[in-house]
Structures are given as C-alpha cells and as structure tokens.
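# A closer look at the structure
Listed below are the residues making up each chain.
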2 protein chains.
Amino acid sequence: VCLGPRAAMQGRTWTLQRHFDGFPKISDFELKLELLPEPQNGEVLLEALFLSVDPYMRPYSRVRMKEGDVMIGGQVARVIQSQNPSFPVGSLVVANCGWRTHTVSDGRTLTPLVAGWPEDVPVSFALGAIGMPGLTALYGLEEVCQLKAGETLLVNAAAGAVGSVVGQIAKIKGSRVVGCAGSNHKVAYLRELGFDEAFNYKTVASLEEALKKASPEGYDCYFENVGGQFSSAVMPLMKPFGRIAVCGSISLYNDTIPQTGPFIHTHMIFKQLRMEGFLCNRWAHKDKESLQRLLAWVKEGKLKCSEHVTEGFENMPMAFMGMLRGENTGKAIVKV
Amino acid sequence: VCLGPRAAMQGRTWTLQRHFDGFPKISDFELKLELLPEPQNGEVLLEALFLSVDPYMRPYSRVRMKEGDVMIGGQVARVIQSQNPSFPVGSLVVANCGWRTHTVSDGRTLTPLVAGWPEDVPVSFALGAIGMPGLTALYGLEEVCQLKAGETLLVNAAAGAVGSVVGQIAKIKGSRVVGCAGSNHKVAYLRELGFDEAFNYKTVASLEEALKKASPEGYDCYFENVGGQFSSAVMPLMKPFGRIAVCGSISLYNDTIPQTGPFIHTHMIFKQLRMEGFLCNRWAHKDKESLQRLLAWVKEGKLKCSEHVTEGFENMPMAFMGMLRGENTGKAIVKV
Ligand SMILES: NC(=O)c1ccc[n+]([C@@H]2O[C@H](COP(=O)([O-])OP(=O)(O)OC[C@H]3O[C@@H](n4cnc5c(N)ncnc54)[C@H](OP(=O)(O)O)[C@@H]3O)[C@@H](O)[C@H]2O)c1
Ligand SMILES: NC(=O)c1ccc[n+]([C@@H]2O[C@H](COP(=O)([O-])OP(=O)(O)OC[C@H]3O[C@@H](n4cnc5c(N)ncnc54)[C@H](OP(=O)(O)O)[C@@H]3O)[C@@H](O)[C@H]2O)c1
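Criteria and cut-off values
- Residues numbered from 1 in each chain as written.
- Chains lettered and ligands numbered in written order.
- Predicted model: local features only at pLDDT ≥ 70, side-chain atom pairs only at ≥ 80, totals over all residues.
- Heavy atoms only, no water.
- Helix = DSSP H or I, 4+ residues; strand = E, 2+ residues; numbered from the N terminus.
- Rg over C-alpha atoms; globule rule 2.2 N^0.38 Å.
- Buried < 20%, exposed > 50% of the residue type's maximum accessible area, 1.4 Å probe, protein only.
- Contact = heavy atoms within 4.5 Å.
- Buried area = accessible area lost by both parts, 1.4 Å probe.
- Nonpolar A, V, L, I, M, F, W, Y, C, P; charged D, E, K, R; others polar.
- Near = heavy atom within 4 Å.
- Polar contact = N/O pair within 3.5 Å; in protein donor to acceptor, adjacent residues only side chain to side chain.
- Areas by Shrake-Rupley, 256 points an atom, 1.4 Å probe, with all protein chains shown as cover.
- Least-squares fit on C-alpha atoms with pLDDT ≥ 70 in both.
- Arc of directions from axis to C-beta.

## Let's talk about the overall build of chain A
Of regular secondary structure, chain A possesses 9 helices and 16 strands. For chain A, the C-alpha radius of gyration of 21 Å lies close to 20 Å, the compact-globule estimate for 336 residues. A principal-axis box enclosing the C-alpha atoms of chain A has dimensions of 70 × 45 × 35 Å. Residue burial in chain A is summarised as follows: out of 336 residues, 57% are buried.

## Topic: the interface of chain B and chain A
Every contact between the two is made by 35 residues of chain B and, on the other side, 35 residues of chain A. Summed over both partners, the interface of chain B with chain A buries about 2,900 Å², with 69% contributed by carbon and sulfur atoms. Of all residues in chain B, F263(B), H265(B) and I269(B) bury the most surface against chain A, accounting for 24% of the area lost on that side. Going through the elements one at a time, α1 (57–64), α6 (228–234), β12 (238–246), β13 (260–262), α7 (265–270) and β14 (274–277) of chain B are the ones with two or more residues in the side of chain B that touches chain A. Of the residues assigned to the side of chain B that touches chain A, the class counts are 16 nonpolar, 15 polar and 4 charged.

## As for the site of ligand 1
Residues and elements named next belong to chain A. With respect to spatial proximity, 27 residues lie near ligand 1, and among them V162, K186, Y201, Y253 and N328 are the closest. Between ligand 1 and G182, the relevant distance is 2.9 Å, taken from an oxygen atom to a main-chain nitrogen or oxygen of the residue. For ligand 1, a nitrogen atom lies 3.4 Å from a polar atom in the backbone of L324. Within the complex, the protein chains bury 91% of what would otherwise be the 900 Å² of accessible surface of ligand 1.

## Quick notes on the relation of the copies chain B and chain A
Rotating chain B by 180 degrees about the axis while translating it 0.0 Å along that axis superimposes it on chain A, leaving an RMSD of 0.0 Å. Expressed as an axis order, the relation between the two copies is that of a two-fold axis. When the interface residues of chain B are mapped onto chain A, 100% of them are again interface residues, pointing to one common binding face.

## Digging into helix α5 (residues 207–214) of chain B
An α-helix turns once per 3.6 residues; consequently, residues spaced three or four apart project the same way. Residues and elements named next belong to chain B. Those residues of α5 not exposed but buried are L207, A210, L211 and A214. Taken down its axis, α5 places every buried residue within 100 degrees of arc, on the same side. Summarising the contacts, the buried residues of α5 are in contact with β8 (152–155), β9 (176–181), β10 (197–200), β11 (219–224) and α6. Two or three places before E208, at the opening of α5, S206 has a side-chain oxygen 3.4 Å from that residue's backbone nitrogen.

Below is the structure:
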C-alpha cells in the first residue's frame, strides 16, 4: 500500500499536567492537540474507537510517567492509513497508545483483534472480558489461586472489569463464589451473573460478620482487588492452605499517607497461607490461547460482559475518576 | 521384655498455671509432681535427658492448651523401662511429651534417633539442627523459598536455632546470605558460620539503611522469623519475583494489642512477590531422608551447631523466657 501526500493531521491527547496527589482532580489533566507525522514505511495511522480507563493508571502514573507525558492506556483502534501490509486500512487492533485519538505506530506493539471475532460481539470487549482484565482474571485464578472445583472463592470489586470475570470463571470451574461490591445495583448484577453470595460492603453493619455469614466455613481462595482494611477482615477467615491472588489494591492507590493494619504473619503461618502478587503480563506467552478461551465462553453465553460507557474523548478524566469512585458496573470505557 | 512390679514412680512437670498475657511471667508456670503408672503391654517409661524450649510454645499455648495443662514441647529421652520391643531399655528417642522429666508412652509418637547417629555428635542436636528446627530451615528454603545458587537471602533471628541453619544451608546452596541478630556476640557468630553480611538490628541507626547497605541490589528471598516492623523494612527491598517464607513472627507473639504496619499489597503486586506461611510438619513424609541430609552436613563440618544450655529441669521457665528475650546463641535447650 502506498499513500500519496496528505494534509498534516491533528490528534487530541490527555496529558498528566501534574502528578496526582491523593484522589485525581480534573486540573491534574490537560487536553492537548498533537500534530501527527505521516506514516512511513512499516507504519500505520490509528484512530481510537474505544479507550480504556483502568485503576493501574493511578499508581503507574507515579512510577512510569513524568509531568507533561500523555496518560498511559490501551485502546481499540482502526487503521486509517497503512504502510504496513500486516495491518491494512480498516483492520482493528488493540494498542497501548495512551490517551490519544490518533497515533502513528510502527506496528510492533499492535495486537490484532482475536482471530474469528464474531460480528455480534462488541469490539470494545477487547478492552474488558476478552482483553487485559479478562486475562488478569483467568491467570489470577488458574496460575496464582489454582482454584479447584468445590472450593469457595471470595472476590472484591466484584462487579468491575476484572472481578465480574473472576466470579464467572470460578463458576465455570465449579467453585462457590462470594462477591462484594459497592452498591445495591452492583449486588443485583452479581446475582444475575450467578454469584452464590453477594453483598454491598458499604452498607453491611460489619464486614467481618457479612463475610462470615456468606461462607461460615471460610475461604479457600481470595482474589484481592481492593487491599487495605478489606484484606484485614478476610485474613482471619481464610481456610488452612488458602491462596490469595493479590491482583490490585485500589483502596490504597490514592493514599497520601500509607494506611496501616494488623500484621498478617500469624495467620499466614498457622494456616499456611500462600499470597502472591502478580501482573497479567507475566503469562503473555499464553495470551493468544487464553483470549480464544475467553471469547469461546462469551460466545457460549457462559461469560457475560457489562460495560460502563462514557461518550466523548473530552470526558476521559471524568470517566477515569468515576471508575476510581466506583461508578462503573462492568468495564469502564470511553467511546471517542 | 517383662518387668516385675516396681515402686510407683514420680515425675516432675511444668504446667501452664495461667494463660500468658503479654510476656510470660514465672508465676504463669507451676512445677508439679506426677505419679506415673507402670508401663503396660507396648508401653515404655521415658526419662528426659534434654528438653527443648521453642518460640511456638508461646502462641500455641493459647490455642492448644488450657490452664493446668502440662506445657507442650519436645525432648530427647532414654527408655528406662520397656514393654515394647521396638524401644528396648537404653534406646534414645525424640518425643513430644511436654515439659516432663518422666513419661509413660505407648510408643506410637516416639521417633528413634536418626539411624547411624555418630558417637561424637551430641544427642541434643536432635532438638536443633538435626531435628525440628533444622527441618524447618531446610523446608523453608527448599520447598517455600526455592532458593537458587547466586541469589541473595535475608534471614532474621539469624543466630537462633532455625536461623543459623537457614544461613548455613543457603551457603551450601551457593547463595549470598545476610543475617540479622540482636547482639554483637551473635553477629560475630554469624560471621564465623560464613554469613556474607551480618549486623545487629538493635544497634543500627536505621534498619532500612542497614538492610540496603548489606545488599544494595535487594533480596531474592526472605526467611521470616520475626515479622512485624522488621518485615515492613524488608518489603521495599525485595527484588521482583522475590519469595518470602513466613516461618515465624516472634516479635508479635507477646502482643496484647495487635501491632500494625503499612499494608504490603502494592509491593506484592508490582514486584510480583510470593509470600507463604508454613509449618514444618507439612513435609513430615520427607523427615527421615531430610534428617539424614542434615546429619551428613554436620558430619562433613558444613553445618555447625551451637547450643545455649540451661541446667536443671527446675529452670525450664527461665530458659523459655530467656530464649524469648534473645539470650540464646544457637538452640536453647534444658539439660535435666
Ligand atoms: N495485576 C494485574 O495485572 C491487574 C490487571 C488489571 C487490574 N488489576 C487490578 O484489579 C482491580 C480491579 O481493576 P478493574 O480494572 O477491574 O477495575 P474495576 O473493578 O472495573 O473498577 C474499580 C472498582 O474498584 C472499586 N473501588 C474503588 N475504590 C475502592 C475502595 N476504596 N475500596 C473498595 N473498592 C473500591 C469500585 O467498585 P465498588 O463499587 O465495588 O467499590 C470500582 O468500580 C484493581 O485493583 C486493579 O488495579 C490488576
Ligand atoms: N513454621 C514452623 O514450622 C516453625 C518451626 C520452628 C520455629 N519457627 C519459628 O522460627 C522462629 C525462630 O525459632 P527458633 O526456634 O529458631 O528460635 P531462636 O531463633 O533460637 O530464638 C528466638 C530468637 O528470636 C529473637 N527475637 C526474640 N524476640 C524478638 C523480637 N521482638 N524481634 C526480633 N527478634 C526477636 C531472639 O534473637 P535476637 O537476639 O536476634 O533478637 C531470640 O534469640 C520463631 O519465630 C519460631 O516461631 C517456626
């Protein structure tokens, strides 16, 4: 494919104007215009269709970005100009371009949509259940928890992108699933998804008692999305040889002063617990096959996906902050 | 073997008079006389030679004992009467009889000394490096840490029964070993044992800085004997994919109000750490072979053992409390 000269193209970006201090504020972001070079040999021009807002952007901003950088993040994009035969015009890709409407990419870090993506499955699912959050759920359960049929699993932030997939895969595997989420609407959603027990952790009188009631025999596995005080309530309820997959700790991401809680050593020792932190990219070599498994479950109706869609690229910071506040049921995404 | 009638025999015991509240006090214990039945068919009468005082007695007293019970614990004992051909008079056994000078046992829970125990190896080592603490060190390193040559290991309470074996086995395995202990005398002992770095955690200006200086690249493995604030200093210094074997948390055993510290989730996730609590009896099926390995290292001079011996059964509580205070270099034992 060879393209003639074109008019210089402008994209929009959101930059980190100032490092977050505590909960992000709208003034921490800045919307900017970016002039895009013409794609050269091997390059493509991408146009974002859907962008992802994810919790990791909050802690990673501190360690991976400097002020003025474009916010990090993934998107589903369409190739609108191409000098790369692997990605012809019109093809859809998942790309880590950051908060950008348009990007020139050399193609090396682009992932085509899963082969055989059906017409009736929204492409935005590639940012959710059939994407990074889905893989995170799968690897956390299979590689870290090594969840077995008949075991009882606890997951928090359960109505979110990762948590909702965790619970459903655990059901597919024949486990008993308890989920916690932050609104009654989310709790109803968890029941719809087939969770055995679900409750609103914000309105129960005692989190300890609610967790005990939901599984009087305790928990074999704990898929940790929240950390902090929530985890302190769970530790005494783990069963011997329990496993804890530490996926996220969203209740700590906005700390200015680190929160503290009781030490967990005594529980760890006497119940011989295993606790492991993980990042989903550890198993990137399995992603292709894993995404096919996730897609198959979606097609079979075993894995249901919900999305919380914010319209308009200009609203990305609001979508991001809303997700951190718990406004989303299912995956929080932005439609450009 | 058939024995004629004998005069009723009296043994001495130490009981838990009152549950410990904070650091144990002498008034929490009571020395008692116990009348022993004559050994019947299959039974033996044991006389304790050496008794063990171990940290676990402090937390286990609360969950496994009621007031008035004989203190739990192991001993090396000699069979002085026998109605059991497997344990003839004169044979030496390791036995979980509690704090008792004499015990009638049906033999089922007795372990003979490791086969081929050499004349010149003190039998009391069966309570230390060639016994439960040695096994704990071995399993913690091999099964939990999965320590590899070239890796850097940190161990605390390093001059103690478990810690001193941990460091030496890690050296045998070709690792770099950093040890912390609570006196200059202990630190000198660690250097003698071949630890690469050792320091007195009580006298350093900053534990964080001392740990950093001892291994600027951080730690691959952390053998945790202490827990609490010590662990909070280590977490930021773990290397990616670091492993933490949670063996003990002696700094927490005497808490009346649980101590608190910063949550560890963020370290666990972003460095993908694995932390596992364990009890040495998990691998009891390997004990026989493992004790032979430990004995072989002792015979080859690769595993040196020190003992802190308190004389007199009547001094058991003092020995126990002294060990909790850190008076022991090497294994704390009592010679009857
Ligand atoms: N390790 C990895 O590779 C990896 C990959 C992806 C995600 N993660 C982690 O997984 C977790 C979930 O991510 P996600 O993408 O699925 O987000 P999500 O759950 O869709 O959205 C975040 C949710 O977290 C909950 N939340 C926010 N603040 C909270 C607090 N203080 N206490 C308790 N819950 C709070 C809110 O739900 P409620 O209404 O229920 O409070 C909110 O909806 C995050 O911790 C994230 O960092 C890790
Ligand atoms: N999981 C298992 O199966 C298993 C089996 C055996 C032992 N353990 C655990 O392993 C650890 C070591 O046991 P051990 O038998 O080898 O005992 P030890 O180390 O011989 O004796 C205890 C030592 O702990 C240190 N200590 C006491 N209080 C402390 C505090 N507040 N902070 C820091 N250090 C303190 C003292 O040394 P310093 O002078 O260095 O402070 C003391 O000498 C204990 O936590 C024990 O519970 C676990």
